[in-house]
Amino acid sequence: MKCLKKILLKLLFPGTTVVLLSVPLSVALLIYTFQVAGEEGPIAYLSYGISAYSLTIVCASVVPLAKKASRWINQNPYLSRYFGDIPYKLKLSLLLSLGINLLYAGVNAFSGFYYRSPWFGSLAAYYILLAVMRFLLVWYGHRQDFGENKVAEWKRYRVCGAILTVMNIALAGVVILVVRQNRGFEHAGSLIYAMALYAFYVTIIGVVNLVRYRKYQSPVMSAARVINLVAALVSMLSLETAMLTQFGGGEQFRQVMTGTTGGAVCTIVVGMGLYMIVHATRQLRKLKES
């Protein structure tokens, strides 16, 4: 009985090397089966069996690998600080978001020049302004810790709200152009999948940060969350128009979808911008009175 248990454990936990090698092996066998050998026959059954075994040992290895990764993170001073020090993590996240923001703005600027598209050019300008707001927050975080100077933080919070409100005029203009001319964003080849990856990435990050950091009483942190959410909304809007353009749909359907989504995004963005201005002004007045 002990021998059988030992064999089963060895099969279930064969080691990291076997687990890592099983994944590309099972993928290669499945591709060969579907493309060459066919879905029936001994090779197909062998590939199914290896794939099932690979999936089993990968799932079984998740918990031990997670425990090892957790111990390794705790032993590493840089990673331990990143996961444990929230203000430090936010500063690095702001830097990363700024870099990705500038890269995405550059891609849209290149697309606008290459396709001679005013929509891509406007979108590039929009993301450049988002990058400006992020740079203001990064620069503040570099000079001071979050939560120490509430007056300075509320002022930057209000400035970000004002920029968002002004930026929304340009965004509304882009939406009106897309709807009236019934054209959208076009991406060459597989570039649309890269744009989709970025759109889903910023959306997930925006929602996660909105929930995770709401307990920290820092206007700069709040402004960073709002900027992430706005970037996610605009990215999803541009992705929607690109997919409708590339993968079809009737003209009326595209106009209705783009107009509805664009109007909702513009309303949300201008609402958040105005709220930031009013809320920051009230908080500054309270601080001045106290």
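It should be emphasised that the depicted structure is a prediction, and the values quoted were computed from it without experimental measurement. (Residues numbered from 1 in each chain as written. Predicted model: local features only at pLDDT ≥ 70, side-chain atom pairs only at ≥ 80, totals over all residues. Heavy atoms only, no water.)

### As for empty space enclosed by the protein
Under the definition given, this model contains four cavities of 30 Å³ or more. Taken as a whole, the largest cavity holds about 90 Å³ of empty space. Taken together, S97, I100, N101, R134, Y198, Y201, V202, I205, G206, N228 and A231 make up the full set of residues lining the largest cavity. The element contributing the most residues to the lining of the largest cavity is helix α8 (residues 191-212), with five residues. (1 Å grid on protein atoms, 1.4 Å probe; cavity = no way out; pocket = protein on both sides within 12 Å on 5 of 7 lines; lining within 4 Å. Points joined across faces, edges and corners; volume = space filled by probe spheres on them. Helix = DSSP H or I, 4+ residues; strand = E, 2+ residues; numbered from the N terminus.)

### Let's talk about the confidence of the model for the protein chain
On average, the protein chain scores 76 in pLDDT, and the residues at 70 or more come to 74%. Looking across the protein chain, the model is least confident in helix α4 (residues 77-84), with a mean pLDDT of 64, and most confident in helix α10 (residues 251-289), with 86. (pLDDT = per-residue confidence, 0-100.)

### Quick word on the packing of aromatic side chains
Centre-to-centre distance and the angle between the planes together describe a pair of aromatic rings. Enumeration over the complete set of coordinates arrives at three aromatic pairs. An angle of 75° between the planes, with centres 6.4 Å apart, marks the rings of Y126 and Y127 as edge-to-face. In this structure, Y126 and Y127 share a single accessibility class: buried. (Phe/Tyr/Trp six-rings, centres within 6.5 Å; stacked < 30°, edge-to-face > 60°. Buried < 20%, exposed > 50% of the residue type's maximum accessible area, 1.4 Å probe, protein only.)

### As for the environment of L20
Mapped onto the fold, L20 is located in helix α2 (residues 16-37). Here L20 falls in the exposed class, since its relative accessible area comes to 58%. Between the alpha carbons of L20 and V58 there is a distance of 8.2 Å; along the sequence they are 38 residues apart.

### Structural notes on α10
For α10, spanning 39 residues, the distance from its first C-alpha to its last is 57 Å, which sits close to the expected 57 Å at 1.5 Å a residue. Here α10 has its buried residues at R254, T258, G262, V265, C266, V269, M272, G273, M276, A280, Q283 and L284. (Expected span 1.5 Å × (residues − 1).)

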